[in-house]
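# Close look at the chain arrangement
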Amino acid sequence: MNQHIILRVITKILIAPIILFGLYVQFHGDFGAGGGFQAGVIIAVGFILHALIFGLSTTQQVMPMWVVRTAACFGVLIYTGVGVYTMLNGGNFLDYDFVSHDPVGYAVAGQHLGILLIEAGVGLTVAAVMVLVFYGFADAAGLFGTERD
Amino acid sequence: MMEFVMLHLPALQVVVPMLAAPICLLLMRGGLAWMLALVTAVLCFAMSLLLLQQVIETGPISYHLGGWEPPFGIEYRVDAMNAFVLVIVAATSALVLPFARRSIRAEIEPSKQALFYTVFVLCLTGLLGVTITGDAFNVFVFLEISSLATYVLVAMGARRDRRALTAGYTYLVMGTIGATFYVIGLGLLYQATGTLNMEDLAVRLQPLGDLTSVRAGFAFIMVGLALKLAMFPIHAWLPNAYTYAPSVVSIFLAATSTKVAVYVLLRFMFTVFGYDFPVVELSLSTVFLPLAVIAMFVASAVAVFQTDFKRLLAYSSVAQIGYMVLGFSMASVTGLTATMVHLFNHAAMKAVMFMVAGAVVYRVGSTAVASFAGLGRQMPWTMAAMVVGGLSLIGVPLTVGFISKWYLILGALETGDWIIAFMIVASSLIAVIYVWRIVEVAYLTPAPEGAKPVSEAPLSMLIPMWTLALVCIYFGINAELTASIGQTVAEALLNGNGVSPAVAIPEVVPATDGAMEGAAP
């Protein structure tokens with residue numbers, strides 16, 4: 001792709017807005033359409049576009065396999081962790097009323113914070129898994145020395 | 001601490017393995033991941049026993065996820081039936097994992113072992129979730145978690161035999177069709193009733209029996225679940241999946257995944273739709289009963305001609321699923337008791353048999369029936385366990401198989417169906433043939449000339465194997481526990497539609513005024 005200067009320049013310009021738009025969709029989930037699933041896919045698109053234009057090995061310098069895998073795990077841990085936290089605080093599993101310590105008067109804040117954290121976990125895992133799936137398919141022949149496991 | 005655990009027991013049953021799975025992956029080392037998976041499985045087993053005890057003492061438990069009242073929120077609902085299935089699933093996982101350590105080291109490359117345990121624990125999460133939830137859509141979500149994990153687990157057998165990849169892929173296609181049918185059916189029910197909570201569905205579906213869309217929903221759900229439980233004639237994915245999967249996966253799947261699917265089928269048929277529902281009775285007598293009888297004969301007959309031990313067991317599983325389906329298609333207390341008892345009994349005996357296969361793969365490297373030659377002397381304990389499992393499959397007295405068939409025949413005689421009773425006995429005779437084939441090769445054929453001497457399986461494999469073999473014998477002599485639970489379940493399912501008042505876990509209600517804004521993730 002070295003000779004396609006237009007593609008390279010446009011890609012460099014586009015990646016930041018793509019990720020920014022992903023974050024917008026992520027946080028818009030609080031008020032309407034949006035949320036972790038959609039945002040995760042959009043953010044992953046930024047990395048996939050990078051890999052398509054600059055090559056898999058370059059992308060993996062930015063976003064190595066182990067980082068993506070760890071991110072995928074942490075997303076699930078955040079989700080379940082919030083649930084366990086609410087149980088420890090005296091509520092049922094994932095009862096966001098109990099995300100903030102003192103339930104009286106803080107329940108609304110708890111609901112806001114709870115769904116925000118949950119969606120952050122979902123977004124992280126979805127983005128990471130999308131990138132993982134792309135890495136897996138793009139390097140099915142093992143040409144780029146992707147860590148195969 | 002204990003109070004906290006007891007209060008949140010239904011949630012913890014699923015949350016603990018769900019937390020353990022990503023941590024397994026983060027550990028990256030096969031040994032550490034194994035350790036964590038084992039601890040998780042033992043904890044799950046302990047929790048399932050506590051739940052079963054609690055349910056028997058105080059009746060059904062209802063746990064409201066997120067503090068939302070059912071039918072609005074997701075409800076975990078535990079009664080005798082699913083507590084019993086939870087015990088089967090969790091106990092199998094706790095017994096399989098000690099066995100897994102050496103078997104997985106031999107069958108899966110080192111870099112993938114941590115990944116294997118991650119997926120295994122995820123599969124466990126899914127199966128426990130399907131069983132415990134009282135929300136019909138939540139069933140689908142957990143069904144997908146367990147199924148996706150299962151496809152990966154099956155395909156991981158590729159190191160031993162590349163055909164595991166196609167087996168996993170076929171299972172993926174068939175399993176996805178099954179799951180899609182389930183969701184389509186559920187969509188039709190949701191459209192008619194506007195609810196997804198099983199208890200609520202049961203109430204709202206009562207007057208809607210004449211609605212074509214509801215009947216279509218029933219059909220879609222039944223076909224989807226029948227695919228998942230490998231009911232004859234849509235069992236085609238099962239033999240390859242069980243044959244080429246890693247030994248540990250075959251043990252776990254044979255003992256749990258079809259049982260969980262049978263549970264969901266029973267739940268829908270008798271709790272959600274209810275025996276009075278117009279199409280239920282019709283489908284039982286014209287679809288399920290004949291197919292079950294054909295499965296018993298055809299699958300057993302196919303098993304006789306297999307040259308691979310694991311494939312033989314897989315076809316035997318299809319036949320045994322036929323017995324389970326036959327039990328509930330009688331729609332009597334005795335018949336349903338037979339199904340519930342056989343869920344447990346078949347899990348135990350098939351796990352023993354597949355553990356034997358795993359031990360033979362570990363020592364000999366093959367599961368071809370011919371490679372059993374001379375093993376009766378060289379692996380005496382393993383082969384003795386195989387004989388116990390085989391006798392159970394046939395249904396010889398003093399083994400669990402006898403108890404299952406006893407209740408099945410009783411059920412058939414109750415309705416005066418002499419032909420069915422005769423067929424149960426006749427199909428058992430086919431089982432004698434395929435079990436005898438293995439026994440004959442193992443004990444009467446001498447080891448081939450110049451073959452390397454084979455030593456007995458290691459203790460870490462023999463102990464779980466013999467624990468299960470003793471279970472096969474103990475519950476064959478004293479079936480009071482399994483039979484009484486089975487009967488309780490059967491009576492609950494047939495009388496009063498399976499709906500019984502649940503004991504809600506008391507909740508702390510916080511003083512809120514506008515806390516209803518949480519969007520579903």
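Residues numbered from 1 in each chain as written. Chains lettered and ligands numbered in written order. Predicted model: local features only at pLDDT ≥ 70, side-chain atom pairs only at ≥ 80, totals over all residues.

## Observations regarding the overall build of chain A
- Within chain A one finds five helices and zero strands.
- In sequence order, chain A lays out its α and β elements as α-α-α-α-α.
- Per-residue burial over chain A gives 40% buried out of 149 residues.
- Sequence separation of at least 24 residues holds for 59% of the intrachain contacts in chain A that already meet a minimum separation of 6. (Helix = DSSP H or I, 4+ residues; strand = E, 2+ residues; numbered from the N terminus. Buried ≥ 20, exposed ≤ 12 C-beta atoms within 10 Å, placed from the backbone. Contact = placed C-beta atoms within 7 Å.)

## Notes on the packing of helix α11 (residues 247–273) of chain B against helix α13 (residues 309–329) of chain B
Residue and element names in this part refer to chain B.
- Orientation of α11 relative to α13, taken along the N-to-C sense of each, is 20°, at an axis distance of 12 Å. As the angle between them shows, α11 and α13 are arranged roughly parallel. Our pair here, α11 against α13, has a crossing hand that is right-handed. Of the residues in α13, those in contact with S250, A254, T258, V262 and L266 of α11 are K310, S317, I321, M324 and F328.
- When the residues that make up the contact of α11 with α13 are grouped by side-chain class, the tally is six nonpolar, three polar and one charged. (Axes fitted to C-alpha atoms, helices over the stretch in contact; angles between N-to-C directions. Parallel < 35°, antiparallel > 145°, perpendicular 65-115°, else oblique. Left-handed = near helix turned anticlockwise from the far one by under 90°. Nonpolar A, V, L, I, M, F, W, Y, C, P; charged D, E, K, R; others polar.)

## As for the confidence of the model for chain A
- Confidence in the prediction of chain A, expressed as mean pLDDT, is 86, and 88% of residues score 70 or more.
- Considering only residues more than four positions removed or in separate chains, one finds that residues 145–149 of chain A, a stretch of pLDDT under 50, has nine contacts. (pLDDT = per-residue confidence, 0-100.)

## Some remarks on the pairing of strand β2 (residues 75–78) of chain B
Residue and element names in this part refer to chain B.
- Neither face of β2 is exposed, since E75 and R77 on one face and Y76 and V78 on the opposite face are all buried.
- Bridge count for strand β1 (residues 61–64) against β2 is four bridges, and the pairing is antiparallel. Among the inter-strand pairings, S62 is bridged to a residue of β2, identified as R77. (Pairing = 2+ DSSP bridges.)

## So, the confidence of the model for chain B
Residues and elements named next belong to chain B.
- In this model, chain B carries a mean pLDDT of 90, and residues with pLDDT of at least 70 account for 95%.
- Ignoring residues within four places in sequence, the model shows residues 497–521, a span with pLDDT below 50, making 57 contacts including any to other chains.
- Across the whole predicted complex the pTM is 0.91, and at the interface the ipTM reaches 0.89.

## As for the packing of helix α14 (residues 333–363) of chain B against helix α17 (residues 400–414) of chain B
Residue and element names in this part refer to chain B.
- Put simply, α14 and α17 touch, their axes get as near as 8 Å, and they point 160° apart. Our classification of the angle between α14 and α17 gives roughly antiparallel. Handedness of the crossing formed by α14 with α17: left-handed. When α14 is examined against α17, the residues T334, G335, T337, A338, V341, H342, N345, A348 and M349 are found in contact with a partner set consisting of V400, G401, I403, S404, Y407, L408, L410, G411 and E414.
- Looking at the contact of α14 with α17 residue by residue, the classes come out as nine nonpolar, eight polar and one charged.

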